[in-house]
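The lines below spell out each chain.
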Amino acid sequence: MGDPNQPAEPKGRKRQKVSQAAKGVLYGMAAHGHVTAALRTRMYLEHLFMFITLGDMLGVPVIPPYYSLKILPYAVPNIKSWKQRVFRERDFTDQVF
Amino acid sequence: MAGLLETPFLWVVATIALYAVAYWGYGKWVDRNVWRSDAKKATPAHMYMDGVEYFPVSRYVLWGYQFKSVAALGPILGPFIGIAYGWIPALLWIIGGNFFIGWLQDYGSMMLSVRKEGRSFGPITYEFTGAKGRNNLLAFVLFYLIIISATFIALIAQFWNAFGGTTFVPTIGVLLSGLLCGQLLYKLKMNVMAVTVIGIGLVIVSIYLGMLIPVTMPWGAAWNTVYWAAICAVILYVAAILPVPTFIQPTNYLAFYPAYTAIMLLLLGALLSPFTGVPVAEPAFVGVWNNTIGPIWPILFVSVVAGLSPTGASVTAWVGGAQALVSPLVGGKSANAVLATFFGLVLIIYALTVQALVTRFFRLVAGETWGEGRFHILGNKHVATFFGLGVSWVFAISGSWWALWLYFGGANQLLAGLAIMLIAIYLAKTRSPTRNYVIPGVFMVVTTLAALIWETWTFVNAAIQYVVYNNAAALAQQTRPPVSGVTLAALAIDAVFVGVGVALFLVGLSMAIRLFRTYGRSKAEGRVPAPAAADGGELENKSH
């Protein structure tokens, strides 16, 4: 039983909640795994680009810092999460799709 | 019309009710008392959110994803173990196994990963058992992947050879439609909904074409299976070599729709069975011993969890059962031909989509194992894939598939048991109650190792029967035609399977011992009182 002091939830809102839940379940079953796999594929390509251009930040200098500095303003928003991902402990069990 | 008790309705409703008790009763209790989860604590998805590897999703998405990960070929065909021992023992084990073991392992693995900054199974094994433990796991996984591949290739070949040959064209249809969808999605950047509609339309057309153009082979069941298995291996080779977004990903996405339509239809068919009058056709209890596969313990516990009847005939009988359950809902007997093709296709795509991932995973693990050093050639992606599929193909066409299935079941459930022990180690280290995990963990490890011993013994026994008593029939039972027709070849394959069984057992046992030792140490460390604070606990006492 709901709290009698609380106003009853409008019918439309309840329906919206159920519809969101159904959409979430369908998305989870059909597409979530594929979306995360696609994101990971893009991540590896972006890592490659970042390594080539800003590798010296991780101690892997590939191109002269002059060009790195030109790219730096565009790369700044991603640097923290990039370092976090690159330094993350990885294993063969991560590769199951 | 069959009475209410004769239909599957009540059993399905009772099982759902018990699952509700598991979720709201036992599940909540374990969560509160063992894991002590706190909704206010930030998870790695929030702490390290980068929109790529770490990002939060709703509980519904998580549930859908988990459901999809669990529902594969095994659990769908699982209830068919009833043919061997009766359906009551199988149902009891499914309910009991899920209630006390299955969800605990899934939820525990997830919570362990959450508490360990989102790390996966490998790094956690390394942390708890060291480099040797991780190498041990790697060796076990390699054997396990070969056995899975052999089993699934054998099954796909049998499925293509059955159902009047109507399932081959739809399978190719699903694969080509998947390839096309991948191109439309990633190259032409088409809308996902539009691509999905086109893909599903093509799958429906391919099912129709499959019925119009059945593909059969003329060499008899034994040799046909050999060629079908070779075709399957070629498809898997292509799937493992091509980039994931080109082949595996769009194909698996498209395969989801027919596969889950089948599950929904079966559930609906069971719930409406009092109205359609479809009775439970199999015997409730047959006995505790089966002449082909052996005793109910440990065999039932490895075959039903892995999920398939060990008698080859029931593979196609499953489709008959599904037809009977669903046909009254979609037009009666006139729909039987379409349903046979549809359910046959569903079995194949469940096996094929999983197997494509397994083959790719094998080549990645092989790369990890042999990438450097004297055998680096085995780490090459073409060589590794060819080697993995070649060995699996030989096993698939030569071993009795139920024997392979039991090896697969044993190895599969042993991996689950080892995962449970890993969770128990974590709980012991954090001084949490471990009983709810250790008891199922010990049960699973002991049962699966016993199943591996039993299965290995059946191969040893077949060789003894031939060598000592000149009984070639025992040898023929352990292998399959055409190999079983050539006694020396059958003996050689039998010996190889003995080797595989012994290797699986020893590697699994060594991993289990390692985990039990670590658990014992962690538990002993947990018994030592926590060190007192430098001030003797005065400050803490004051705050209370």
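None of these values were measured; they are calculated from a predicted model.

Honestly, the pattern of salt bridges in this entry has me stumped. Any pointers?
Close approach of charged atoms lets side chains of opposite charge pair. Residues and elements named next belong to chain A. Scanning the entire structure with this criterion turns up 6 salt bridges over all chains. We note a salt bridge from glutamate 46 to arginine 42, for which the minimum N-O separation is 3.6 Å. On the criterion of helical spacing, the pair formed by glutamate 46 and arginine 42 is a turn pair, its members being 4 residues apart in helix H1 (residues 11–54). Since its relative accessible area comes to 47%, arginine 42 is described here as partly exposed.

Would you explain the nonpolar core in this entry?
If you look at soluble globular proteins, the nonpolar side chains tend to sit buried side by side. Residues and elements named next belong to chain B. Counting 151 residues, the largest nonpolar core has Trp35, Leu145, Phe343 and Tyr437 as its most contacted members. Tallying contributions element by element places helix H7 (residues 121–161) first for this core, with 21 residues. Sequence-distant contacts of tyrosine 437, that is, excluding residues within four places in its chain, are made with Val34, Trp35, Leu104, Gln105, Gly108, Ile420, Ile423, Ala424 and Leu427.

Explain the packing of H7(B) against helix H15 (residues 336–370) of chain B here, please?
To describe two helices that pack against each other, one gives the angle between their axes and the distance between the axes. Residue and element names in this part refer to chain B. The contact between H7 and H15 brings their axes to 9 Å, and the two run at 150°. Of the possible angle classes, the one that applies to H7 and H15 is roughly antiparallel. Here H7 runs over H15; the crossing is left-handed.

Before we go on, may I ask you to explain the environment of Ala384(B) in this structure?
Residue and element names in this part refer to chain B. By the element assignment, alanine 384 lies in helix H16 (residues 381–398). Residue classification places alanine 384 among the buried residues on the basis of a relative accessible area of 1%. Linking alanine 384 and alanine 366, residues 18 residues apart in sequence, is a C-alpha distance of 6.2 Å. In contact with alanine 384, other than residues within four places in its own chain, are Phe362, Arg363, Ala366 and Leu378.

What exactly am I supposed to notice about the interface of chain B and chain A here?
Note on interface size: it is often stated as the accessible area lost on association of the parts. Each side of the interface is counted separately: chain B has 41 residues, and chain A has 32 residues. Buried surface at the junction of chain B and chain A, both sides included, amounts to about 3200 Å², of which 68% is carbon and sulfur. Among the residues chain B hides against chain A, the three largest losses belong to Val52(B), Glu53(B) and Phe361(B). Together they make up 18% of the total. Two residues, Arg85(A) and Asp50(B), come together in a salt bridge whose shortest N-O distance is 3.2 Å. For the interface between chain B and chain A, the tally reads 7 residue pairs in polar contact (both at pLDDT 80 or more). Sorting elements by how many residues they give to the side of chain B that touches chain A places H7(B) first, with 8 residues.

Explain the side chain of Gln478(B) here, please?
Residues and elements named next belong to chain B. Along the chain, glutamine 478 falls in helix H19 (residues 472–478). Looking at glutamine 478, the relative accessible area reads 4%, which means it is buried. Of the polar contacts made by the side chain of glutamine 478, one reaches the side chain of threonine 458; its length is 3.2 Å. Other than its neighbours up to four places away in sequence, glutamine 478 contacts Gly399, Ser400, Trp402, Glu455, Thr458, Phe459, Ala462 and Asp494.

It is not clear to me how the packing of aromatic side chains should be interpreted in this structure. Could you clarify?
To describe a pair of aromatic rings, one takes the distance between the centres and the angle between the planes. Residue and element names in this part refer to chain B. Using the criterion set out here, one finds 35 aromatic pairs over all chains in the structure. Seen in terms of ring centroids, phenylalanine 168 and tryptophan 228 are 5.0 Å apart; in terms of plane orientation they differ by 50°. Their pairing is tilted. Taken together, the residues span a long stretch of sequence, with phenylalanine 168 in helix H8 (residues 168–186) and tryptophan 228 in helix H10 (residues 220–241) at a distance of 60 residues. According to the relative accessible area criterion, phenylalanine 168 is buried, its value standing at 15%. Residue tryptophan 228 is classed as buried on the basis of its relative accessible area, which comes to 1%. Here the aromatic rings of tryptophan 289 and tryptophan 454 are separated by 5.8 Å at their centres, their planes lie at 90°, and the arrangement is edge-to-face. Here tryptophan 289, found in strand E1 (residues 289–290), pairs with tryptophan 454, found in helix H18 (residues 435–469); they are 165 residues apart in sequence, far enough to count as distant. Classification of tryptophan 289 by relative accessible area gives partly exposed; the value is 49%. Through successive ring pairs, a cluster of aromatic residues spans Trp63, Phe67, Tyr253, Phe256, Tyr257, Tyr260 and Tyr350.

Rules and cut-offs
Residues numbered from 1 in each chain as written. Chains lettered and ligands numbered in written order. Predicted model: local features only at pLDDT ≥ 70, side-chain atom pairs only at ≥ 80, totals over all residues. Heavy atoms only, no water. Salt bridge = Lys/Arg side-chain N within 4 Å of Asp/Glu carboxyl O. Helix = DSSP H or I, 4+ residues; strand = E, 2+ residues; numbered from the N terminus. Buried < 20%, exposed > 50% of the residue type's maximum accessible area, 1.4 Å probe, protein only. Core = buried A, V, L, I, M, F, W, Y, C linked by side-chain atoms within 4.5 Å. Contact = heavy atoms within 4.5 Å. Axes fitted to C-alpha atoms, helices over the stretch in contact; angles between N-to-C directions. Parallel < 35°, antiparallel > 145°, perpendicular 65-115°, else oblique. Left-handed = near helix turned anticlockwise from the far one by under 90°. Buried area = accessible area lost by both parts, 1.4 Å probe. Polar contact = N/O pair within 3.5 Å; in protein donor to acceptor, adjacent residues only side chain to side chain. Phe/Tyr/Trp six-rings, centres within 6.5 Å; stacked < 30°, edge-to-face > 60°.

Remember that the coordinates give geometry; whether it matters functionally is a separate question.
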